[in-house]
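# Examining the three-dimensional arrangement
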Amino acid sequence: MRRKARVAMQALAVYVALSCVVAIVMAELTLHPMRLPPPDKSRIAAMYASYGADLQPIVIEAADAIELHGWYSVPEHQNGRAIILFHGIGDNRGGVSGYGQMFLREGYRILLPDSRAHGESGGMMATYGLLESDDIHRWVSWLYGQGVTCVDGFGESMGAALVLDSLPSEPRFCAVVADSAFSTFRSVAYDREGFFVGAGRLGLEQVVGRTVGLLPTEMGLLYARWRYGVDLGRANPVDALKLSNVPVLLIHGEKDINILPWHSRALAQADPVHAQLWLVPGAAHCGAARVAPDEFWSRVLLFFAQHRQVVTGSD
């Protein structure tokens, strides 16, 4: 009996030690994503040129005085509206630039910002909405300062979560489309623990993340708060939706093992009045536009067309 107890205590000690190491590594990688090389500006400019649009470099200042960089494109034939395209984690503005072609064709002005700690934008840490919400507020203000009549938002993955998280502090979006967003940072962190050990392909992502992955996740959240003062537990798009009247179209691939589809279901349930959900059969992470391009663009453009002004007050 004593031997079994000793073995159990040793196994527990190893698990705690490994959890501590994993927690620190994952927290550091999460807060300090690797920056990709700059996108091929000439290639993107060539894509946009057919709509009479060029790529104008824009720089604004964030609340903490860092510089936020982006590109601004205005088509020859305008509809008076603008849309901000938000990229995913570890990416930059080039990753969502392809969406811009369709919006330019429809007359939208396009803003392609690099999120803080990504691309050319300043900042040492990504905070998953804690600081980015005010960054987005400043981009929206800049666009309205250019004389646009309506600002829409489109984000994928982390970018989708960021724009959702910004809604309580930025109610001037006319509408938002969020492709493959997470519901809360804590819950997606659990899932990612399972994803990184390959459990997602077996359908066990949530099980692994909430058992053996629970301790390293919680230790990682504590480490981020202790080491950097960043409380990632407050990065909760699902709570932001409850406080917002902005119309939202949630898109999620049913085959997504990167951010599981249940996140968008939870987001839709958080605001059934203003949020719509489209689950896309056969689509992986941010894959709806590839799997069902005609339906994707039909739904997205119709959704934006149906919401042409800022919603004020409460329902």
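Cut-offs and rules
Numbering of residues begins from 1 in every chain and follows the order in which that chain's sequence is written. Owing to the predicted nature of the model, reporting of local features is limited to residues with pLDDT of at least 70; listing and counting of side-chain atom pairs is limited to 80 or more, with chain, interface and lining totals taken over all residues. Only heavy atoms go into the side-chain values, all of them from the structure, while hydrogens and water stay out. Here, a strand pair is defined by DSSP locating no fewer than two bridges between the strands. Helix numbers and strand numbers start at the N terminus; a helix is a DSSP run of H or I with at least 4 residues, a strand a run of E with at least 2. Only the stretch in contact is used when fitting a helix axis, every axis being a line fitted to C-alpha atoms; angles between N-to-C directions are given from 0 to 180 degrees. Any two residues whose heavy atoms approach within 4.5 Å are treated as being in contact. Working definition: with a 1.4 Å probe on protein chains only, accessible area under 20% of the residue-type maximum means buried, over 50% means exposed, and in between means partly exposed. A crossover counts as right-handed when, viewed with the strands pointing away from the observer, the path leading from the first strand over the helix to the second turns clockwise. For the purposes of this analysis, a disulfide is any pair of cysteine sulfur atoms at a distance within 2.5 Å. A carboxyl oxygen of Asp or Glu within 4 Å of a side-chain nitrogen of Lys or Arg is what we treat as a salt bridge.

Strand order across the open sheet formed by 8 strands is β1-β2-β4-β3-β5-β6-β7-β8, with mixed pairing between neighbours. Only two strands of the sheet have a single neighbouring strand rather than two, namely β1 (56–61) and β8 (275–280). With direction set aside, neighbouring strand axes in the sheet form an average angle of 20°. Relative to the sheet, helix α12 (residues 293–306) contacts β3 (81–86), β5 (150–156), β6 (173–179), β7 (248–253) and β8, its axis offset from that of β6 by approximately 160°.

Before going further, it helps to spend a moment on the pairing of β7. The element β7 is largely enclosed, with a buried count of 6 among its 6 residues. Burial along β7 is two-sided: Val248, Leu250 and His252 facing one way and Leu249, Ile251 and Gly253 facing the other are all buried. With respect to chirality, the unit in which β7 leads through helix α10 (residues 262–270) into the neighbouring parallel β8 is right-handed.

Counted by the stated rule, this structure contains 1 disulfide. Across a sulfur-sulfur distance of 1.7 Å, Cys150 and Cys174 are joined as a disulfide pair. With Cys150 in strand β5 and Cys174 in strand β6, this residue pair connects regions lying 24 residues apart in the sequence. Cys174 matches Cys150 in its accessibility class, with the two residues each being buried.

The next thing to look at is the pattern of salt bridges. Opposite charge on two side chains permits them to pair, given that their charged atoms come into close proximity. With the rule as written, the count across this model stands at 13 salt bridges. Across the pair Arg225 and Asp231 runs a salt bridge whose closest N-O atoms are separated by 3.7 Å. Put simply, Asp64, Arg116 and Asp135 are held in one network by salt bridges that share partners.

With a phi angle near 70°, Ala117 is a residue other than glycine that sits in the positive phi range. Along the polypeptide, Ala117 turns up in the loop between β4 (109–113) and α4 (132–145). Of note, Ser180 is a non-glycine position whose phi angle comes to about 65°, a positive value. Within the secondary structure layout, Ser180 lies in the loop between β6 and α6 (185–196). A relative accessible area of 0% places Ser180 in the buried class.

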